[in-house]
Amino acid sequence: MGLYGTLFSALALVIVTFLAANMRTIWAEKDYPPEGEFVVVDGHQVHYVQEGQGPDVVLIHGSMGSTRDATFRLLPALVEAGYRVTAFDRPGLGYTPRLDDSGVTVSDQVDLLTSAAAQINLQNPIVAGQSYGGALAANWALRDADQIGGLVSIAGATHTWEGPLDLSYRVLSWPVVGPILSHAVAAIMSDNRLNSMVEAVFRPDDMPEGYIDHFGPRLNLSPRRLRANAQQRTDLREQLRGQETRYGEITVPVEVVHGEADDIVGVEVHAEKLVAQVEDGNLTRIPGAGHMLHHTHTSEIVAAVDRVALRMGAKSP
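The numbers attached to residues start from 1 for each chain and follow its sequence in the written order. Restriction of local features to residues with pLDDT of at least 70 applies here, the model being predicted, together with a cutoff of 80 or more for giving and counting side-chain atom pairs; totals for whole chains, interfaces and linings are based on all residues. Heavy atoms throughout the structure, all of them, feed into the side-chain values; hydrogens and water do not.

A. Highlighting the nonpolar core. In terms of nonpolar packing, the biggest core is built from 40 residues, with Val-46, Phe-88, Trp-140 and Ile-250 touching the most fellow members. Under the DSSP-based scheme used, a helix requires at least four consecutive residues in state H or I and a strand at least two consecutive residues in state E, with every element numbered from the N terminus. Elements supplying a minimum of two residues to this core: β1 (37-41), β2 (44-51), β3 (56-60), α4 (106-119), α5 (132-141), α10 (223-243), β7 (254-259) and α11 (267-277). Looking at this core element by element, the count peaks at seven residues for α5. If near-sequence neighbours (up to four positions away) are discounted, Trp-140 is found in contact with Val-58, Ile-60, Val-110, Leu-113, Thr-114, Ala-117, Pro-125, Val-127, Gln-147 and Ile-148. The next biggest cluster of nonpolar side chains, apart from the first, holds 24 residues, and it includes Val-49, Leu-59, Ile-126 and Ala-289. Nonpolar core, defined: a set of buried Ala, Val, Leu, Ile, Met, Phe, Trp, Tyr and Cys residues in which side-chain atoms within 4.5 Å join the residues together. Think of it in three bands: with a 1.4 Å probe and only protein chains considered, a residue is buried below 20% of the maximum accessible area for its type, exposed above 50%, and partly exposed in between. In what follows, a contact means two residues having at least one pair of non-hydrogen atoms within 4.5 Å.

B. Quick peek at the confidence of the model for the chain. pLDDT runs from 0 to 100 and stands for how confident the predictor is about each residue. Averaged over all residues, the pLDDT of the chain is 88; the fraction at 70 or higher stands at 92%. Low pLDDT, under 50, characterises residues 7-11; the stretch is placed with one contact to residues that sit more than four places away or in other chains.

C. A look at the side chain of Arg-90. Within the secondary structure, Arg-90 sits in the loop between β4 (84-88) and α4. Here the side chain of Arg-90 touches Gln-232 through a polar contact of 2.7 Å, side chain to side chain. If we skip the residues at most four places from it in the chain, Arg-90 touches Ile-60, His-61, Gly-62, Ser-63, Thr-96, Gln-109, Tyr-132, Leu-136 and Gln-232. Whenever two N or O atoms come within 3.5 Å, that pair is a polar contact, provided that in protein one can donate a hydrogen and the other can accept it, and provided that, for residues adjacent in sequence, both atoms are side-chain atoms.

D. Examining the pattern of salt bridges more closely. What counts as a salt bridge is simple: a side-chain nitrogen of Lys or Arg found within 4 Å of a carboxyl oxygen of Asp or Glu. Summed over all chains, the structure comprises 12 salt bridges. For Glu-29, the salt bridge identified is with Arg-224, shortest N-O distance 3.9 Å. Of the two residues, Glu-29 sits in helix α1 (residues 3-31) while Arg-224 sits in helix α10, which places them 195 residues apart along the sequence. Several salt bridges share partner residues, and in doing so they unite Glu-255, Asp-280, Arg-307 and Arg-311 into one network.

E. Fine view of helix α7 (residues 177-188). Here a helix's expected span is defined as the number of its residues, less one, multiplied by 1.5 Å. Taking 1.5 Å per residue, 12 residues should reach 16 Å; α7 reaches 17 Å between its end C-alpha atoms and fits that length. The complete set of buried residues in α7 reads Gly-178, Ser-182, His-183, Ala-186 and Ala-187. Burial along α7 is one-sided: seen end-on, the buried residues are contained in an arc of 160 degrees. The arc in question is traced by the directions running from the helix axis to the C-beta atoms.

F. Quick look at the sheet that holds strand β8 (residues 281-286). Two strands qualify as a pair provided that DSSP identifies no fewer than 2 bridges between them. With mixed pairing, the eight strands of this open sheet are ordered in space as β1-β2-β4-β3-β5-β6-β7-β8. What marks the edges here is a single partner per strand, and that holds for β1 and β8. Averaged over neighbouring strand pairs, the angle between their axes works out to 20 degrees when direction is ignored. In the sheet, strand β5 (residues 126-130) pairs with strand β6 (residues 150-154) via five bridges, with the strands oriented parallel. Only the contacting stretch of a helix is used when fitting its axis, a line to C-alpha atoms as for every element, and angles between N-to-C directions run 0 to 180 degrees.

G. Examining empty space enclosed by the protein more closely. Whether a set of points on the 1 Å grid over the protein atoms alone is a cavity depends on a 1.4 Å probe fitting there but being unable to get out, while an open set qualifies as a pocket with protein on both sides within 12 Å along at least five of seven lines; lining residues are those with an atom within 4 Å of a point. Grid points are joined across faces, edges and corners, and a volume is the space filled by probe spheres set on the points. Evaluated as defined, the whole model comprises three cavities of 30 Å³ or more. Surrounding the largest cavity, Leu-59, Ile-60, His-61, Ser-66, Asp-69, Ala-70, Leu-74, Ala-128, Gln-130, Ile-154 and His-294 form its lining. Put simply, Ala, Val, Leu, Ile, Met, Phe, Trp, Tyr, Cys and Pro go in the nonpolar bin, Asp, Glu, Lys and Arg in the charged bin, and everything else, Gly too, in the polar bin. The residue makeup of the lining of the largest cavity, split by class, is six nonpolar, four polar and one charged.

H. Geometry of unusual backbone geometry. Cis geometry is found at the peptide bond from Arg-203 to Pro-204, where omega equals 5 degrees. Secondary-structure assignment places Pro-204 in the loop between α8 (191-202) and α9 (211-215). Although it is not a glycine, Ser-131 sits at a positive phi angle of roughly 55 degrees. Along the polypeptide, Ser-131 turns up in the loop between β5 and α5. Phi is positive for Ala-155, which is not a glycine, with a value near 50 degrees. Take Ala-155: it is sitting in the loop between β6 and α6 (167-172). Judged by relative accessible area, which is 0%, Ala-155 ranks as buried.

I. How the structure looks around the packing of α5 against α10. Where α5 meets α10, the axes come as close as 11 Å, and the angle between the chain directions of the two elements is 35 degrees. In this structure, α5 crosses over α10, and the sense of that crossing is left-handed. From α5, Tyr-132, Ala-135, Ala-138 and Asn-139 reach across to α10, where they touch Gln-232, Arg-233, Leu-236, Leu-240 and Gln-243. Looking at the contact of α5 with α10 residue by residue, the classes come out as five nonpolar, three polar and one charged. Crossing handedness is read from the near helix: turned anticlockwise from the far helix by less than a right angle, it gives a left-handed crossing, and turned clockwise, a right-handed one.

J. Up close: the layout of surface pockets. Quantified by volume, the largest pocket comes out at close to 1,300 Å³. If you go around the largest pocket, you meet 44 residues; those closest to its centre are Ser-63, Met-64, Tyr-169, Val-201 and Arg-233. Mapped by element, the contributors of at least two residues to the lining of the largest pocket are α6, α7, α8, α9, α10 and α11. The element best represented in the lining of the largest pocket is α8, accounting for five residues. For the lining of the largest pocket, the class distribution of residues is 26 nonpolar, 12 polar and six charged. By volume, the second largest pocket amounts to about 230 Å³. Along the walls of the second largest pocket sit 14 residues, with Asp-31, Tyr-32, Asp-191, Gly-216 and Arg-218 positioned nearest its centre.

K. Here's a closer look at a nonpolar patch on the surface. Taken together, Trp-174, Val-176, Val-177, Ile-180 and Leu-181 make up a surface patch of nonpolar side chains, about 450 Å² in accessible area. For Ile-180, the position within the fold is in helix α7. Residue classification places Ile-180 among the partly exposed residues on the basis of a relative accessible area of 49%. Note that patches include only residues with greater than 30% relative accessible area and no salt bridge, and the join distances are 9 Å for like charges and 5 Å for nonpolar side chains (Val, Leu, Ile, Met, Phe, Trp, Tyr). Residue exposure ignores everything except the shown protein chains as possible cover, and the areas themselves are Shrake-Rupley values with a 1.4 Å probe.

Right under this line is the structure:
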């Protein structure tokens, strides 16, 4: 094969890869359309699901998540417990578009979500964040106390940690290379491999039956969502360096629920430090539990929200 033949083959491969990735995204969005409504903040759409009546609770999902992660178990359980629950898609994931192609910070995301919460008239909400969402929930609690009634961190990433960043996140966040690689991943990743990766996040707990079908992990495997997640994961540690020194300023009630067997967000590095810094904090350690507590130990999360509601006077004993 000559030079022109090689170039033509390479170009054809790139075109086929981009088409395959885009078609798989279209199919995923058809199978998993938006669950809720949209509110527009300064021209930017924010997707949210809201159910129930009672004191307001906001749910913020983690990396590669969406409102569908909340609506599988935790949102219905909180609605049954007597709360009005609002789950947001974070910028770049689910059906909330990215704020920018690069440099979107935790504070940028919280700016958008607090404005969205104000527009849909959430009143002094208890803000619960899981994993990466815990960083946003903690940032929210550092703002005007009138914007939040309490904080619940569910295996939340709140502090800096040691060790290297997964190279894939860094590469996916690069210009030029990132878009090419994200299309390749979206095009060639098999459902079996993708489902196995999701199942691994639950370990050592078992992934609940029906979670994959409800959540739809391929939705966030689209190229634009992959790149948004990679940029956020790549930048998170440095953003937490400035945030973690201020947790002593948090005065609202804080409940932290963390699994002792969580090897994704370690209890000693994050949960113990957060509770030690805040004015009114409580840590619930769950022996043998992993990272996805809102699915595997849902009742403990509801109990943590109840404790915050009691301390802020939003519920009676």
